[in-house]
Amino acid sequence: MSTRPSWWSPKVARTEILAGLVVALALIPEAISFSIIAGVDPSVGLFASFTMAVVISIVGGRSAMISAATGAIALVVAPLVREHGLNYLIATVILGGLFQIVLGSLGVAKLMRFVPRSVMVGFVNALAILIFMAQVPELIDVPWPVYPLFAGGLVLMVLFPKLTKVIPAPLVSIVALTVLTIAAGIAVPTVGDKGALPSSLPVPGLPSVPFTFGTLALLAPYALAFALVGLMESLMTAKLVDDITDTRSNKTREAIGQGIANIVTGFFGGMGGCAMIGQTMINVKTAGARTRLSTFLAGVFLMVLCIVFGPLVSQIPMAALVAVMVLVAFGTFDWHSVAPATLKRMPAGEIVVMVVTVGVVVATDNLAIGVVVGSITAMVIFARRVARLVEVAAVVDPDGTQVVYAVTGELFFASSNDLVDQFDYTNDPEKVVIDLTDAHIWDASTVAALDAITTRYASRGKTVEIIGLNKHSARMHGKLSGELAGSQ
């Protein structure tokens, strides 16, 4: 077997190189915007995007995924920057990276299995909406030439792939519109209007903060929020790319890799980051990249474009990049999920979860919060649905000496709370049998409910026998029965 990487092929390498260039161009205005949100100099966001992309391309667990400075991270650290300044931000990035390594090593990535499909669909649709909404300000109160440039960019990206897919359509669109605006002297907002590009590479160093317990106590809450938001967004993006490419990623490695990348970013004075969903969609869906080379080159090209070609890059019209991102938003949205035919077949609970996820994300501008709220909503709906599947059927012996209650279903806190009211304590005969052959005890609440049933019958001089317990249920019942306060 060949030990050469997949991008060694000239055809694959061309795709990866061009994809990396397109992503780098799209990263520049985004990184500058997120720097402004965080309250730091644009170079801080650009340095973060450079180091995150380069490092994660080596240590990450998901090929072709782009990590850089993001809006979610900017929102988390902005209050800290306002109150304490840049050095405390850098220290937080390093500490947050350490937290991510610890969480990744503890297996936090395995929690992704608890994210339902309806939450994932809501996540994708909310992402598309956020990408689109982020472009709207670039189309308001701008010179009129922006609109034909924007429309021309969309048309070019839609039609150009019909001619050839050798060169990514977004790259062609960006170059064509830039040449047009420069040659014709069209005055429109450009990348340079977002902020000054750095003129030199970042230099490693330590943050200038007191290394005391007080500093640690101050930074820890921000660092933990930083770590959780970054991991949530990165792992959700990795799962999305898994589905698009029909491949599997190593999410534990990705979680640890995000931590390593943020630590390196902190030492180089960056604001930290995580997986960047919009740029990842450009890389994977629009440009067709599939290897780590595109991620690595996105970071390298970003710095080359800023340092070597800064004056030229500054003249790229924002309309060209806005057109790229709008097309990405349109392609990211799962239109099938909102088709009338799909909604008619979809269970109401699934629709509610999807809508809640989208609503929370759009309202908070935070994908991580939306995923958490959506997952909790899905769990509540699932618990209510399963609880209703519990049935209790009573059969009285012909001689009237005993009654057998056959319990069917999953017994846990949501279903066992009503279990106590399913028995006729006053009129039942002296011997009561509870048959749990077709049931399963999941928690202490169920054991407490069974104890309460036994106690009520005992107060009336009647005996209760519980039969049909499977191995797990028998072990839990035997260990907890009679030991739970308040069950009597």
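Quick notes on the rules
Residues numbered from 1 in each chain as written. Predicted model: local features only at pLDDT ≥ 70, side-chain atom pairs only at ≥ 80, totals over all residues. Heavy atoms only, no water. Helix = DSSP H or I, 4+ residues; strand = E, 2+ residues; numbered from the N terminus. Contact = heavy atoms within 4.5 Å. Pairing = 2+ DSSP bridges. Axes fitted to C-alpha atoms, helices over the stretch in contact; angles between N-to-C directions. Buried < 20%, exposed > 50% of the residue type's maximum accessible area, 1.4 Å probe, protein only. Right-handed = clockwise from strand over helix to strand, strands pointing away. Disulfide = S-S within 2.5 Å.

Caption draft 1: Looking closely at the side chain of T332. Note that T332 resides in helix 13 (residues 318-332). Ignoring anything within four residues of it in the chain, the contact list for T332 reads V124, L127, A128, M281 and K285.

Caption draft 2: Representation of the sheet that holds strand 3 (residues 391-396) in the model. Judged by pairing direction, the sheet is mixed, and its 4 strands sit side by side in the order 3-4-5-6 without closing on themselves. Only two strands of the sheet have a single partner each, and these edge strands are strand 3 and strand 6 (463-467). Strand after strand, the sheet turns through a mean of 20 degrees between neighbouring axes, direction not considered. Pairing of strand 4 (residues 402-411) with strand 5 (residues 431-441) involves 9 bridges; the strand directions are parallel. Looking across to strand 5, one finds that E410 is bridged to H440. The strands touched by helix 18 (residues 444-458) are strand 4, strand 5 and strand 6; relative to strand 5, the strand with the most contacts, the crossing angle is about 170 degrees. Of the strands in this sheet, strand 5 and strand 6 are in contact with helix 19 (residues 471-480), which crosses strand 5 at around 120 degrees.

Caption draft 3: Local environment of the pairing of strand 5. Of all 11 residues that make up strand 5, 8 are buried, and the element is covered over most of its length. In the sheet, strand 5 pairs with strand 6 via 5 bridges, with the strands oriented parallel. Note that in strand 6 the partner of K431 across the bridge is T463. In this fold, the crossover linking strand 5 to strand 6 by way of helix 18 has right-handed handedness.

Caption draft 4: Summary view of the state of the cysteines. One pass over the structure, following the stated rule, counts 0 disulfides. Sulfur of C274: no disulfide; nearest cysteine sulfur belongs to C306 and is 20 Å away. The buried category is assigned to C306, whose relative accessible area is 3%.

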